Amino acid sequence: MKEKRNIILLALPCAATLLIAFIIPMVYTFIKALMTDNLTYYTKFFTDPFYMEIFGRTIVLSVKTTLVTLLLGYPTAYFIARTKSKIKGVLIVATIFPFLVSAVIRAYGWMVILGNSGLLNQFFMNLGIIEEPLDLMYTETSVMIGMIQLLLPYMILAITSVIQSIDKNVENAARSLGANPVQTFFKVTLPLSAPGVISGCILVFTMGMTSYITPQLLGGAQYLTMTTLIYNQIKTTYNLEFANAICYILVFAILVFQVVSNSFSNSVNRRLGSGKNA
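Residues numbered from 1 in each chain as written. Predicted model: local features only at pLDDT ≥ 70, side-chain atom pairs only at ≥ 80, totals over all residues. Heavy atoms only, no water.

1. Some thoughts on the overall build of the protein
- Scanning the protein from N- to C-terminus turns up 13 helices and zero strands.
- Reading the protein from its N end, one meets helices and strands in the order α-α-α-α-α-α-α-α-α-α-α-α-α.
- Principal axes of the C-alpha set define a box for the protein whose edges measure 70 × 65 × 30 Å.
- Within the protein, the proportion of its 278 residues that are buried is 37%.
- The contacts of the protein with a sequence gap of at least 6 include a subset with a gap of at least 24, amounting to 72%. (Helix = DSSP H or I, 4+ residues; strand = E, 2+ residues; numbered from the N terminus. Buried < 20%, exposed > 50% of the residue type's maximum accessible area, 1.4 Å probe, protein only. Contact = heavy atoms within 4.5 Å.)

2. Some thoughts on the packing of helix α2 (residues 40–47) against helix α13 (residues 240–271)
- Relative orientation of the contacting elements α2 and α13 amounts to 65 degrees, with a least axis distance of 9 Å. By the angle between their axes, α2 is roughly perpendicular relative to α13. The element α2 and its partner α13 pack so that their crossing is right-handed. Seen from α2, the contacting residues are Y41, Y42, K44, F45 and F46; seen from α13, they are E241, F242, A245, I246, Y248 and I249.
- Tallied by class, residues from the contact of α2 with α13 come to nine nonpolar, no polar and two charged. (Axes fitted to C-alpha atoms, helices over the stretch in contact; angles between N-to-C directions. Parallel < 35°, antiparallel > 145°, perpendicular 65-115°, else oblique. Left-handed = near helix turned anticlockwise from the far one by under 90°. Nonpolar A, V, L, I, M, F, W, Y, C, P; charged D, E, K, R; others polar.)

3. Some details on the pattern of salt bridges
- Going through the model one piece at a time under the given rule, you end up with three salt bridges.
- The shortest N-O distance in the salt bridge between R57 and E53 comes to 3.2 Å. Of this pair, R57 and E53 both sit in helix α3 (residues 49–82), four residues apart, roughly one helical turn.
- The residue E171 makes a salt bridge to R82 at a minimum N-O spacing of 3.5 Å. Taken together, the residues span a long stretch of sequence, with E171 in helix α8 (residues 168–176) and R82 in helix α3 at a distance of 89 residues.
- Residue E171 is classed as buried on the basis of its relative accessible area, which comes to 3%.
- Residue classification places R82 among the buried positions, given a relative accessible area of 15%. (Salt bridge = Lys/Arg side-chain N within 4 Å of Asp/Glu carboxyl O.)

4. Brief notes about a nonpolar patch on the surface
- Where nonpolar side chains cluster on the molecular surface, the patch consists of L18, L19, I20, F22, I23, I24, V27, I31 and M35 and spans about 870 Å² of accessible area.
- Along the chain, I20 falls in helix α1 (residues 2–37). (Patch = residues over 30% accessible without salt bridge, like charges linked within 9 Å, V, L, I, M, F, W, Y side chains within 5 Å. Areas by Shrake-Rupley, 256 points an atom, 1.4 Å probe, with all protein chains shown as cover.)

5. Looking at helix α7 (residues 140–165)
- Taking 1.5 Å per residue as the helical rise, α7 with its 26 residues ought to reach 38 Å, and the 37 Å between its terminal C-alpha atoms agrees with that figure.
- Along its length, α7 shows its largest kink, about 40 degrees, at L151, and proline P153 lies within four residues downstream of that point. (Expected span 1.5 Å × (residues − 1). Bend = angle between axes of the 7 residues up to and from the residue.)

6. With respect to the confidence of the model for the protein
- Summary statistics for the protein give a mean pLDDT of 87 and a share of 97% for residues scoring 70 or more.
- Below pLDDT 50 for its whole length, residues 274–278 participates in seven contacts with residues either more than four positions away or in separate chains. (pLDDT = per-residue confidence, 0-100.)

7. Considerations on helix α5 (residues 103–114)
- With twelve residues, α5 should reach 16 Å at 1.5 Å per residue; the first-to-last C-alpha distance of 16 Å fits that figure.
- Looking at α5, one finds that the buried residues are R106, A107 and L114. Summarising the axial view, the buried residues of α5 lie within an arc of 100 degrees, below the 170-degree limit, and thus occupy one face. The outward face of α5, more than 90 degrees from its buried face, is lined by the exposed residues I105 and V112.
- Of the surrounding secondary structure, the elements contacted by the buried residues of α5 are α6 (119–127), α7 and α11 (213–219).
- A distance of 3.1 Å separates the backbone nitrogen of V104 from a side-chain oxygen at the start of α5, and that oxygen is part of S102. (Arc of directions from axis to C-beta. Polar contact = N/O pair within 3.5 Å; in protein donor to acceptor, adjacent residues only side chain to side chain.)

Structure below.
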C-alpha cells in the first residue's frame, strides 16, 4: 500500500502538468468548437475525398515506416543486446547519436542526397545506370526514407532494452531440449521480446502520424499529410476552425491506435506471465 502511494506521489507532478497544460485546454477548445460550428468542419473532412485521401495516406505512411523500422531495427537490436564485442558501446553511441542532430538538418541532408542534382542521381548518372535524374524528391519514397532514418533509433532502443532482460538460460534450455537456433528464436526469443516490439511500433507509428518537418521538407506541396494539411489551413487559408477540427481527428485516430495497441500489449504480457521473462 505504501509503495503504491509513493508511486502515485511521484506521478502526481507529471499528471498535474499534463492535466493543466494539455488535457483541460484540449477539452475546452473541443467543446467550444462543437458549440460554435456544430460538427460542420468534421462533416466537411469526412465527406470530402480529398481530405480522406490525405488521412489515409498519413496512416499508410506511418504503417509502412513502422514495418520497415521494425525489419531494420530488430536485427540491429538483437545484435547489440547479445554481442560481447568491444564495439557494442560504439553501436549504442551510434544509435543515440542521431538524437543530437536536428530533424531539420537531417531532412535538408536528404534533400541534398535525393534531389534531381543530388548525390544519388549524380552517382547513378556517372555510372551510366540512368540518363536522366530520378524524381525522388517530393514523393512518398523520399518522405519514408527521411522518417525511417529519423525514427529507427526509437525502435532499436525499445527492442534492445527488452532483449537484454531476457535470460539467456531460457534460450539455452530450449536448445538443450532439441530446438535449433531458428526454432529457439521464433518460439522463445521473439515471443519474449514482443513487449519491446509493441512499444517500439507504438512509438514509431505515433511519431510518424504527428511528424511535420520531414513530410514538409521532403514531401512539399505535392505530398500532403495530416500535419502539413493543418499547417496549410493555418498559414495559407487561415481557417483556424478547420485546422482545429483536423487536429482533433488526428488525436482521436492516435488514441484509438493507442487503446488497441495497449489492449494487445496487455494480452501479450499476460501470456508471458505479466511481462516477466523468467
